[in-house]
Amino acid sequence: WWVFRHADVLAALQDTATFVKSLPEQARPTGTPLDAMGALPPGVFSSDPPRHPVLRGAIEPPFRAALADAPAIAGRIADGLVDGIRRGGSRRMELMADYALRVPSDTLFALLGLPASHGDGLRQMVSAIVAANDITRSTGVRMMGATVAMALDTYFQGMLLEMARAPEATLC
C-alpha cells in the first residue's frame, strides 16, 4: 500500500482488516529460501492481528522502560561520532551514512544490549531485509533478504542464549 496523506495513513493504521502486512495466500515456487521463511512465524513487524498485539504486548513494557535511557545514549553516540571525525583530522563526514543512520541504529542496539562492534553488520542485514520486502525487487534480492532474515533470527537467538548466561546483560 502507498499512502501519503495524513487521513489515508490514519485510515490504513486503523483498518486492520483491509490493510494487512501479510500477503494473501498465493502459489509460490517450492524449494526456495522463501519457502523456509514462510514456515517461520511472523514477527512483530510483519504480523497482523491477532498475533501482532500479543507479540507487541510481550515486548513493549521492557522496551518502553529501556527507552527512558535513549536520549542520554543517543547524545553520547552523537558526540562520539562527531569527536571521532574531529580526532581523525578530516572534519568531514557523509551526513546520512556516517551520522543520521548510525545515531538511531546504534542507540537501538545499545538499548537492546547488543555489542557496538556488531553495528555495521546488523545495519547491512537490515538493509537487505528491507530491500527484500519490496515486491517489485528481483527474485534474487528477495531470496537474499529471506536468507539474511533467517541469519538475523539466528543471531538474535544466539544473543538471547548468551544473555541468559550473563544476567547483567539483557535484550531490553
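Preceding block: the structure.
Numbering of residues begins from 1 in every chain and follows the order in which that chain's sequence is written. Per-residue local features are limited, in this predicted model, to residues with pLDDT of at least 70; the limit for side-chain atom pairs, both in listing and counting, is 80 or more; totals at the level of whole chains, interfaces and linings are taken over all residues. Computation of side-chain values covers all heavy atoms of the structure but excludes hydrogens and water.

1. Digging into the overall build of the protein
Thinking step 1. Comment: elements are numbered from the N terminus, with helices defined as DSSP H or I runs of at least four residues and strands as E runs of at least two. Assigned secondary structure in the protein consists of 8 helices and 0 strands.
Thinking step 2. Scanning the protein from its N terminus toward the C terminus, one meets helices and strands in the order α-α-α-α-α-α-α-α.
Thinking step 3. The classification of residues rests on relative accessible area computed with a 1.4 Å probe and restricted to protein chains. Under 20% of the type maximum is buried, over 50% is exposed, and intermediate values are partly exposed. A burial count over the protein gives 22% of its 172 residues as buried.
Thinking step 4. In the protein, once contacts between residues fewer than 6 apart in sequence are set aside, the share between residues at least 24 apart is 51%. Contact between two residues is taken to exist if any of their heavy atoms lie within 4.5 Å; hydrogens are not considered.

2. Comments concerning the packing of aromatic side chains
Thinking step 1. The aromatic pairing rule takes the rings of Phe, Tyr and Trp, using the six-membered ring of Trp, and pairs them if the centres are within 6.5 Å, calling planes under 30 degrees apart stacked, those over 60 edge-to-face and the rest tilted. Applying the stated criterion across every chain yields a total of 1 aromatic pair.
Thinking step 2. Here Tyr-155 and Phe-156 contribute two aromatic rings whose centre-to-centre distance is 5.3 Å and whose plane-to-plane angle is 70 degrees, an arrangement assigned as edge-to-face.
Thinking step 3. A residue is classified by how much of its surface remains accessible, and Tyr-155, at 19% relative accessible area, is buried.

3. Some details on the packing of helix H4 (residues 70-88) against helix H6 (residues 102-112)
Thinking step 1. Angles here are taken between N-to-C directions and fall from 0 to 180 degrees, while the axes themselves are lines fitted to C-alpha atoms, restricted in helices to the stretch in contact. Two elements in contact, H4 and H6, have axes whose closest approach is 9 Å; the angle formed by their N-to-C orientations is 130 degrees. With respect to H6, the axis of H4 lies oblique. Between H4 and H6 lies a crossing whose hand is right-handed. Where H4 abuts H6, its residues Ala-70, Ile-73, Ala-74, Ile-77, Ala-78 and Leu-81 lie against Arg-102, Val-103, Asp-106, Thr-107, Ala-110 and Leu-111.
Thinking step 2. The classification used treats Ala, Val, Leu, Ile, Met, Phe, Trp, Tyr, Cys and Pro as nonpolar, Asp, Glu, Lys and Arg as charged, and all other residues, Gly among them, as polar. The residue inventory of the contact of H4 with H6, partitioned by class, reads 9 nonpolar, 1 polar and 2 charged. Angle categories are assigned with fixed cut-offs, so that under 35 degrees is roughly parallel, over 145 is roughly antiparallel, 65 to 115 is roughly perpendicular, and the rest are oblique. Two helices cross in a left-handed way if the nearer one is turned anticlockwise from the farther one by less than a right angle. They cross in a right-handed way if the turn is clockwise.

4. Things to note about helix H3 (residues 51-67)
Thinking step 1. The first and last C-alpha atoms of H3 sit 24 Å apart over 17 residues, in line with the 24 Å expected at 1.5 Å per residue.
Thinking step 2. Each residue is assigned a bend, namely the angle between axes fitted to the seven residues that terminate at it and the seven residues that start at it. At Glu-60, H3 is bent by approximately 40 degrees, the largest bend along its length, and proline Pro-61 sits one to four residues beyond. Every helix has an expected span of 1.5 Å times one less than the residues it contains.

5. So, the side chain of Thr-107
Thinking step 1. Relative to the elements of secondary structure, Thr-107 occurs in helix H6.
Thinking step 2. Residue contacts for Thr-107: discarding those within four places in its chain leaves Ala-70, Ile-73, Ala-74, Ile-77 and Arg-102.

6. Structural notes on the nonpolar core
Thinking step 1. In these notes, a set of buried Ala, Val, Leu, Ile, Met, Phe, Trp, Tyr and Cys residues joined through side-chain atoms within 4.5 Å is what counts as a nonpolar core. Grouped together as the largest cluster of nonpolar side chains are 13 residues, with contacts concentrated most on Leu-114, Leu-122, Leu-152 and Tyr-155.
Thinking step 2. Elements with a contribution of two residues or more to this core: H6, helix H7 (119-132) and helix H8 (139-165).
Thinking step 3. It is H8 that contributes the most residues to this core, 6 residues altogether.
Thinking step 4. Not counting residues up to four positions away in its chain, the partners in contact with Leu-122 are Phe-109, Leu-114, Leu-152 and Tyr-155.

7. Digging into the packing of H7 against H8
Thinking step 1. Packing of H7 against H8 leaves a shortest axis separation of 8 Å and a crossing angle of 135 degrees. The angle between H7 and H8 falls in the class oblique. Judged by the twist between their axes, the crossing of H7 over H8 is left-handed. Packed against H7, whose contacting residues are Leu-122, Met-125, Ala-128, Ile-129, Ala-131 and Ala-132, the element H8 presents Val-141, Arg-142, Met-144, Gly-145, Ala-146, Val-148, Ala-149, Ala-151, Leu-152 and Tyr-155 at the interface.
Thinking step 2. Partitioned by chemical class, the residues of the contact of H7 with H8 number 14 nonpolar, 1 polar and 1 charged.

8. Points about the pattern of salt bridges
Thinking step 1. Any carboxyl oxygen of Asp or Glu that lies within 4 Å of a side-chain nitrogen of Lys or Arg is treated as forming a salt bridge with it. By the definition in use, this model includes 7 salt bridges.
Thinking step 2. Of the charged contacts in the structure, one is a salt bridge between Arg-56 and Glu-60, with a shortest N-O distance of 3.0 Å. Residue Arg-56 and its partner Glu-60 are both found in helix H3; the two are separated by 4 residues, about one turn of the helix.
Thinking step 3. Note on Glu-60: relative accessible area 24%, which makes it partly exposed.
Thinking step 4. A salt bridge links Asp-106 to Arg-123; its shortest N-O distance comes to 2.5 Å.

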